[in-house]
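Below, each chain spelled out in residue letters.
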Amino acid sequence: MNQHQPNRFDLPGVPAQNLWRGNSTCNRREMLMRSGMGIGMLGLAGVAAHEAAGSTGLHHPAKAKQVVHLFMNGGPSHVDTFDPKPALQKYHGKPLPNPALPTERKTGGAMASPFQFSPYGESGIEVSELFQQTAAHVDDMCVIRSMHSDIPNHEPSLLLMNCGDNIQPRPSFGSWVNYGLGSLNDNLPGFVVLCPNGVPVVGSQNWHSGFLPGAMQGTHIDTGKADYSQLIENIHHPQAPDVQRRQLDLLQSMNQRHLEHSGTDPQLEARIESYELAYRMQFEATDAFDLSQEPAYIHEMYGDSLQGRQLMLTRRLVERGVRFTQVWHGGGQAWDHHSGIESGLRTLCGEWDKPLAAFLTDLKQRGLLDSTLVLWGGEFGRTPVAELPSLDGRDHNHWGYSMWMAGGGVKGGHVHGATDEFGFAAIEDRVHVHDLHATMLHLMGLDHERLTYRYAGRDFRLTDVHGTVAHSILS
Amino acid sequence: MISIPALPLRSNRFVSIQAFIIISAVIVSAVVGSFDSNALFAEQAVSAEQAAETEAFFENKVRPLLMDKCVSCHGDKKQHAGLRLDSRHAMLTGGDSGPSLVPMKPDQSLLIEAVKRESFEMPPDEALDAEQVQILSRWVEMGAPWPGEVTADHSGPDFANHWAFQPISHPEVPTVQNADWPRNAIDFFILNQLEKQGLAPSEPAPQATLARRIKWDLVGLPTSFQEITEVSQVDSATAISAWTDQWLGSLHYGERTARHWLDVARYSDTKGYVFFEKHDFRAAFTYRDYVIDSFNADKPFDQFVREQLAADLMPDVPHESLAALGFVVVGPRFKNDDHEIIADRIDVVSRGLMGLTIACARCHDHKFDPITIDDYYALYGVFQNSREPIQWPFRSGDEEALKNPQAVAIRSAATALESHYRAQYRKVMDESRQRLAEYLIAAQSQRGDVNTATFDVVTDSDDLNPELVLNWKQFLDDTEISNDAAFLPWHRLTRLNAEQFAEQAPGVLRLLAETDSEAAANSVIVQRLLADAPQTLASVAGIYAELFDAVEALSGTKSPLHMPFDGFRVLRLFPDRPSQGPVNELNAALDAERAKASVELAQMLVLKDADELMESRVFRRGSASSPMHVVPRRFPTFFASLSDQSFEGSGRLQLANAIASPENPLTARVIVNRIWQQHFGRGLVTTPSNFGMQAPPPSHPELLDYLASWFIDQGWSIKSLRRLILDSATYQQQSYVDAETYRRDPENQWCSRMNRRRLDFETMRDALLSIRGDLDLTVGGPSAGHSLELANHRRSIYAYNNRLDVSGTMRLFDFPSPDISIGRRDQTSVPGQSLFLMNHPLMLSTADEVSKRSAAAVTPAESIKQLFHDVLSRSPTAQELNETLAFLERESDPPAESIRPVLDWAYGYGDIASQPDTLAEFAALPFFNGTQFQGGVGLPDAKLGWVFLNAGGGHPGNDLRHAAVIRWTAPDDMIVSVSGTLGHNQEPGDGVRGQIFAAGRRIAGPFILHQNSIATDVESISLAKGETIDFVVDIHGGLSYDSFSWSPTIAELAAEPPRSTTESAANAASTPLRSWNYSEQFRGVDPIKMTPLQSLAQVLLMSSEFHFVD
């Protein structure tokens, strides 16, 4: 074994900013070429040869390299945020002229939004006062007002949004993307899930890898914890780095000799390389999570709040090439406003508005927004009619709701599709969750019909047998 | 998509593939009319890829479009204009206006005209968009291929000639040139192929390697240096054979083999996401123990299969073997969705036992294998009628167990829950009879409306039951299609609009009363309706309700009034929130009682046949809201030679017998291949749970058949099979491979060497514990503890397996998701694994323990030797000895930079409540999380509350007995000054209070502040060596928003005032005065100090040699 080459990772504390853009990937590629393995094979030694009939590499040029999925779990109300419905004023307290569609619970008459909508930006897209700071970016946003899904219950809808199926434990979106595209930074997980204070309904199924290799699953990080530096499993190295380095030098010498005595074995080569990656990861991952490195004005911009910290961290992860970052509002289902929706929304939107605006500003000023696809939304929306008996909340609504995307090749300042005049059901240019997935994969350079994995006798896809790319939202 | 085998070993297989391709050609160019076989062969063959593309196009684009847009009016429920658009045949036959398509001629096809709205305007409400029209046109242009219809026709591809569907043969042992090499029959098959491939077998593995390999394969435990020495001392052949027998006879053999089987059985201790129940099974381990015991007893595999499907229906099965049914029951619960639970069961049974992917036929006929959608729903009926009783049997026998009061408590908690379910069921059903008219009206008004079958609705307690409304809808659909005599009047009358109802109803009824009317209506009903002259549909419903007893359609078994208890999903029985409360409580109570049970009161997860059998229907596209025709419970028809009768009861016993039959071409082949894979890391068939048309053919088909038939002849003995495999020269090869051989056969499909295998998660952990010396080898019992807890010393198979929360570390080591049956684990090497090996406490503690044992040796070289013996079960080479000696020497040098300067600062909390002006009871904060000191891992800590200290300040504890204390200790007698600023910047709350104590007495403060900062300077303090200065902050009143910043600096002052400026400067230069700043010197706990031997031990524990078995 060649003796360990000193490199910049030997000294912890060296800022790792931009390191991921460096040539470490190239070195890795060379290493893999040398050992006769293709890129992406490292983690998959032994898998690809068997059941993985899937693809790696792009199907067509990509607009987006990375995804940030901001998940308002519980189901945010679209008619109070991004889908103004003046007709609700007229019918407030009265039954809608058309019978209400069936949802989970009993509902009464129409409920006007208590919030003021105003046009923003050059596009003049109307957004509620709840997101007035975020709305300053509306010219970079594509608001999809015609989302729809299958079922007005949380569990299936969460699974559909995250894994493309209402019930079956299928691999999550982030796993598929990492399976299809591989990692941009070998020193960090490719799929990071930030969720403070517990987990959402159906738990880790939301980001698991199902039948895809285990390494594709999301790494869940509880951002509710005080110390961000210790959030990746086993990243904390209890020994002094120089001691550990000397251990690894001896280890690698033994492993290399073992490899030579074993003949040709890519598994053993992969194992040797994985120790080096792990050693570097200890410093880069810790560094990525260290928010104290951010200057005061950035802290100021995001605000000193949980969501502010989450988004500041997200930006640091995007910068370092984490392929898919999912940011949850928090454990449970906070946005589930069956009652008290007015104050509830004021609180939750208040937590997000400033950080969201800061996040978009920050990505933009660093030139990251173009290649990062930001998705905001929940698992469904809420009814335009009030829920019985309290009449001050809204029931789940999968028939029609809003989500928005920004950056990553979507048309900014654009509204796609529409719900009916009350916001109950999507009626124009409808976008099913499968279509959303197909479109997002398209932006990532992947054809959702060709991103497949052979399992249990058939080729599986994120979109199963569905999904149509919504071409009109692409810039 | 369709693999063509490179080596057609039997000519008929070649023919079958040809036939399959030709059929595919027909799919693409579909000739109109009958599938005349001569016409088929006249067609030009197209590639398999094209066929697959056509299929994909149809399945992904065309079928969904037809289903979405057309079939609700032109399907089996409704046939507007006499037209159905749900099969190719129906479209060619057409409806009132003639055939709706002319294959390959879109411009002549009525279907295309209609969707272009050129003649008819279809769909009537919303036109298809251009892309959708294009899809249909292209499809017609292609000849309107409808792949499912062809596949369903078993006269098509010659499935019978697929290697896995043919009877298992008894091949002759082939001849070989190198007759010296083979040790048993296996080797003749392997060598015969190797010689054909121009490859040679490898050298036999060294005795030590073989000993480790065999023990790991059979019991999953490491082989000690001592054991290896002993084995190596005896003549090799007999020693290895005795060694094999020793471990085949070990109780740990069952554990190792069981773990492979538990992957197949998607074993977990929890149910996954459930709504009412507690997620813990509490009794899943009885199935796990059953599996271990069965393998240890070498239970014949066919018996093992039968018991797992039908132990309750078999004569002469010991009571405790009912636990076998856990195979079916331990699957995930999908929030109690029956359709998904049954799909999972069909999948585990078909893939797990027969290598058949029957679950693929849930939505349509299998695309590749001879499995129809009817076959799927025939099995659906089996599992739909196999229910889990709420009363689980006790493993020790109910009579014996119930002598124990805890068992009685469990029994009565279960009874309470069951009675509650039953009572609710009776209530709902009674009401459904009493409120029949309401149900009829509700169902009628929802017909054609949005379907709510797929989601849970929350209702009020006095609402109609939503499940029954759905049933009534279905019932009305059925009676309309079948022209049911009793409901003919109903369906006729529903066509009248409300305004003219009273006026027109008598005419409609009189027409029905005429004996020669086109359809016969039930005269009792018609006469009664005529007599009563109802004014509204509601009154018609009332009359139907009154006539209940006279109307067979209502009182018969197909009426929704006869919905069996087992037909209800729990959320459908309790759809309203108030009634859900007690269900939750009763479930929790039952779970609590079960949790208290000792292992003697373990219960078994069983199935029993439904009291009232339900018939199953095919669900169109797998959607429960689109039921179609009824199918009997039976075995897949392609395999009719195994079982061609409809099943009795649930049918589990007949199903089990058909699967475990020696005539079944799949079962023996599948298990033999699994066992082969367990010993070689690669199966003769590389898709162990899929032996269908899509599976790659076996590398050694004759060997597979030889082993399968031999296995059956040996009474399905798995131990015998393993003995045969382990005794072969093939298995006993070494794993070294040169570059040239590797290039020619990288996957080692021809077995010219042994495959090197990585320790799986469980055997890695077991090896670590075993080396550490505290592995608990108890066999069986309840699952307990997490496998990564240091305090858990049991073998990994006994660690609690929660399918809702499989640890990230285990997933990184390729532990499979227990949500799905897994036939083969991935074998990856990723950095996350290395992080575990480098940093996890389990690694460090193992290294610690093992190094302590070797530390006793007299010389470093002896210590190293001992370490190698303990971890790698061999002595070091001379080179290794030199290398590791150098390592130890290097590590023994005291590392200069890690010597900690005098301990000046301490981080703690103290009591300022007990005595005014004094700080009592300073204690250090016990936990450092990498950034700050605090009470424990989480904040607030259960004991110490919110108190923490970091480099910039901190937060006081919840009361005055837990004030935050930054302590500085004087290293010498000295005079110091203190400077600094205490800050608080949060608006809410009432701020904080700061004080400074010297030697325990207050010398400055209190500083009370809220959203401001105060200078906390003290000019001069005289201290003796060891005396302290304490910077103390408390919550000042209420606990809220009490974070503070404080970074005091302590500066040493000259002992005496300087006499002159010059002298002072000189003084300063010779003995510089010291200063200490809190923030700059803030430091967490030191890195742990490993002894050099511990460090070396960890290196060995991380080595490839340790983690891979040669």
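Residues numbered from 1 in each chain as written. Chains lettered and ligands numbered in written order. Predicted model: local features only at pLDDT ≥ 70, side-chain atom pairs only at ≥ 80, totals over all residues. Heavy atoms only, no water.

### What to know about the overall build of chain A
Item 1. Counting its regular elements, chain A contains 10 helices and 18 strands.
Item 2. Counting the 475 residues in chain A, one finds 67% classified as buried.
Item 3. For chain A, the share of sequence-separated contacts (at least 6 apart) that also reach a separation of at least 24 residues comes to 78%.
Item 4. Surface exposure of chain A reaches about 15,200 Å², of which carbon and sulfur atoms provide 51%. (Helix = DSSP H or I, 4+ residues; strand = E, 2+ residues; numbered from the N terminus. Buried < 20%, exposed > 50% of the residue type's maximum accessible area, 1.4 Å probe, protein only. Contact = heavy atoms within 4.5 Å. Areas by Shrake-Rupley, 256 points an atom, 1.4 Å probe, with all protein chains shown as cover.)

### Structural notes on the overall build of chain B
Item 1. Tallying secondary structure elements over chain B gives 43 helices and 23 strands in all.
Item 2. Split into buried and exposed, the 1110 residues of chain B put 57% on the buried side.
Item 3. Here chain B displays about 44,300 Å² of accessible surface, and carbon together with sulfur accounts for 52% of that area.

### Focus: the interface of chain A and chain B
Frequently, the measure chosen for interface size is the accessible area removed from exposure when the parts meet.
Item 1. The partner chain B presents 95 residues to the 90 residues of chain A that form the contact.
Item 2. When the two sides are added together, the surface that chain A and chain B hide from each other amounts to roughly 7,600 Å², 52% of it contributed by carbon and sulfur.
Item 3. The tally of links between chain A and chain B comes to seven salt bridges.
Item 4. The closest approach of N and O atoms between D463 of chain B and K106 of chain A, which form a salt bridge, is 2.6 Å.
Item 5. There are 24 residue pairs in polar contact (both at pLDDT 80 or more) connecting chain A and chain B.
Item 6. Elements with a contribution of two residues or more to the side of chain A that touches chain B: α5 (241-262), α6 (266-288), β17 (453-455) and β18 (458-460) of chain A. (Buried area = accessible area lost by both parts, 1.4 Å probe. Salt bridge = Lys/Arg side-chain N within 4 Å of Asp/Glu carboxyl O. Polar contact = N/O pair within 3.5 Å; in protein donor to acceptor, adjacent residues only side chain to side chain.)

### Considering the packing of aromatic side chains
Residues and elements named next belong to chain A.
Item 1. Throughout the structure, instances matching the rule amount to 59 aromatic pairs over all chains.
Item 2. Here W176 and Y179 contribute two aromatic rings whose centre-to-centre distance is 5.9 Å and whose plane-to-plane angle is 75°, an arrangement assigned as edge-to-face. With W176 and Y179 both in helix α4 (residues 173-181), this residue pair falls three residues apart, about one helical turn. Of the two residues, W176 and Y179, neither departs from the other in class, the shared state being buried. (Phe/Tyr/Trp six-rings, centres within 6.5 Å; stacked < 30°, edge-to-face > 60°.)

### A word on the sheet that holds strand β10 (residues 381-387) of chain A
Residues and elements named next belong to chain A.
Item 1. One open sheet accounts for three strands, arranged β2-β10-β11; its pairing is antiparallel. Sheet topology places β2 (107-110) and β11 (394-397) at the edges, where each strand pairs with a single neighbour. Between one strand axis and the next, the sheet turns through 60° on average, direction left out of account.
Item 2. Inspection of the sheet shows β10 paired to β11 by three bridges, in the antiparallel sense. Pairing of A386 across the sheet is with R394, part of β11. (Pairing = 2+ DSSP bridges. Axes fitted to C-alpha atoms, helices over the stretch in contact; angles between N-to-C directions.)

### Quick look at unusual backbone geometry
Item 1. In this model, L388 of chain A is joined to P389 of chain A through a cis peptide bond whose omega is -5°.
Item 2. Position of P389 of chain A relative to the elements: it lies in the loop between β10 and β11.
Item 3. Residue P1006 of chain B is bonded to the preceding G1005 of chain B through a cis peptide linkage, with omega at 0°.
Item 4. Locating P1006 of chain B in the fold gives a position in strand β16 (residues 1001-1009).
Item 5. Even without a glycine there, the phi angle at F334 of chain B is positive, about 45°.

### Observations concerning the sheet that holds strand β21 (residues 1049-1053) of chain B
Residues and elements named next belong to chain B.
Item 1. Spatially, four strands are ordered β18-β13-β21-β22 in an open sheet, and the strand pairing comes out antiparallel. Of all the strands in the sheet, just β18 (1018-1023) and β22 (1075-1077) have a single pairing partner and so form its edges. Strand-to-strand twist in this sheet, taken as the mean axis angle between neighbours without regard to direction, amounts to 25°.

### Considerations on the pairing of β10 of chain A
Residue and element names in this part refer to chain A.
Item 1. Buried residues dominate β10, accounting for seven of its seven residues.
Item 2. In this structure, β2 lies alongside β10, joined through two bridges in antiparallel fashion. Paired with A110 across the two strands is V385, which belongs to β10.
Item 3. Linking two consecutive strands that pair antiparallel, namely β10 and β11, is a turn of six residues; a positive phi of about 65° is found at L391 within it.

### What to know about helix α31 (residues 701-713) of chain B
Residue and element names in this part refer to chain B.
Item 1. Taking 1.5 Å of rise per residue, 13 residues should cover 18 Å, and α31 covers 18 Å from first to last C-alpha, within 8% of that figure.
Item 2. When you tally the buried positions in α31, you get 11 out of 13 residues, the bulk of the element.
Item 3. Looking at α31, one finds that the buried residues are P701, L703, L704, D705, Y706, L707, A708, S709, W710, F711 and I712.
Item 4. Phi turns positive one or two residues past the end of α31, at G715, with a value near 75°. (Expected span 1.5 Å × (residues − 1).)

### Details of the side chain of R213 of chain B
Residue and element names in this part refer to chain B.
Item 1. Within the element layout of this structure, R213 appears in helix α9 (residues 207-219).
Item 2. No salt bridge forms around the buried R213; measuring N to O, its nearest opposite-charge neighbour D217 is 6.4 Å away.
Item 3. A polar atom in the side chain of R213 sits 2.8 Å from the backbone oxygen of Q733.
Item 4. Apart from the residues lying within four places of it in its own chain, the contact partners of R213 are A205, Y731, Q732, Q733, Q734, S735, M754, R757, V1109 and D1110. (Lys, Arg positive; Asp, Glu negative; His and termini not counted.)

### A short note on the environment of S626 of chain B
Item 1. Relative to the helices and strands, S626 of chain B is located in the loop between β3 (616-619) and β4 (627-631).
Item 2. As for S626 of chain B and D917 of chain B, which are separated by 291 residues in sequence, their C-alpha atoms are 80 Å apart.

### Some details on the environment of L573 of chain B
Residue and element names in this part refer to chain B.
Item 1. Tracing the backbone shows L573 in helix α27 (residues 570-573).
Item 2. A relative accessible area of 3% places L573 in the buried class.
Item 3. For L573 and A588, which are 15 residues apart along the polypeptide, the C-alpha to C-alpha distance reads 18 Å.
Item 4. Once you skip the residues sitting within four places of it in the chain, L573 turns out to touch Y421, Q424, Y425, V428, N465, F565 and F568.

### Digging into the confidence of the model for chain A
Item 1. Across chain A, the average pLDDT comes to 84, with 86% of residues at 70 or higher.
Item 2. For residues 1-56 of chain A, every residue scores under 50 in pLDDT, and the model assigns this stretch 97 contacts once sequence neighbours within four places are set aside. (pLDDT = per-residue confidence, 0-100.)

### Topic: the packing of helix α12 (residues 251-264) of chain B against helix α13 (residues 284-296) of chain B
Residue and element names in this part refer to chain B.
Item 1. Between α12 and α13, the shortest axis-to-axis distance is 8 Å and the interhelical angle comes to 125°. As the angle between them shows, α12 and α13 are arranged oblique. At the point where α12 passes α13, the crossing takes the right-handed sense. Contact residues: L251, Y253, G254, E255, T257, A258, W261 and L262 in α12; Y287, R288, V291, I292, F295 and N296 in α13. (Parallel < 35°, antiparallel > 145°, perpendicular 65-115°, else oblique. Left-handed = near helix turned anticlockwise from the far one by under 90°.)

### Here's the deal with the pattern of salt bridges
Item 1. Scanning the model with the defined rule gives 91 salt bridges over all chains in all.
Item 2. Salt-bridge contacts for R105 of chain A lead to E387 of chain A; the nearest nitrogen and oxygen are separated by 3.8 Å. Here R105 of chain A is found in the loop between α2 (87-91) and β2, whereas its partner E387 of chain A is found in strand β10, with 282 residues between them in sequence.
Item 3. We classify R105 of chain A as partly exposed; its relative accessible area is 21%.
Item 4. Taking the relative accessible area as the measure of exposure, E387 of chain A reaches 6% and is therefore buried.
Item 5. One salt bridge in this structure joins D1030 of chain B and R967 of chain B, with 2.7 Å as the shortest N-O distance. Residue D1030 of chain B is found in strand β19 (residues 1028-1034), and its partner R967 of chain B is found in strand β12 (residues 963-969); the two are separated by 63 residues along the sequence. Assigned by exposure class, D1030 of chain B and R967 of chain B land together as buried.
Item 6. Among the ionic contacts, a cluster of salt bridges with common partners joins D287, E294, R315, R316, E319, R320, D362 and R366 of chain A.

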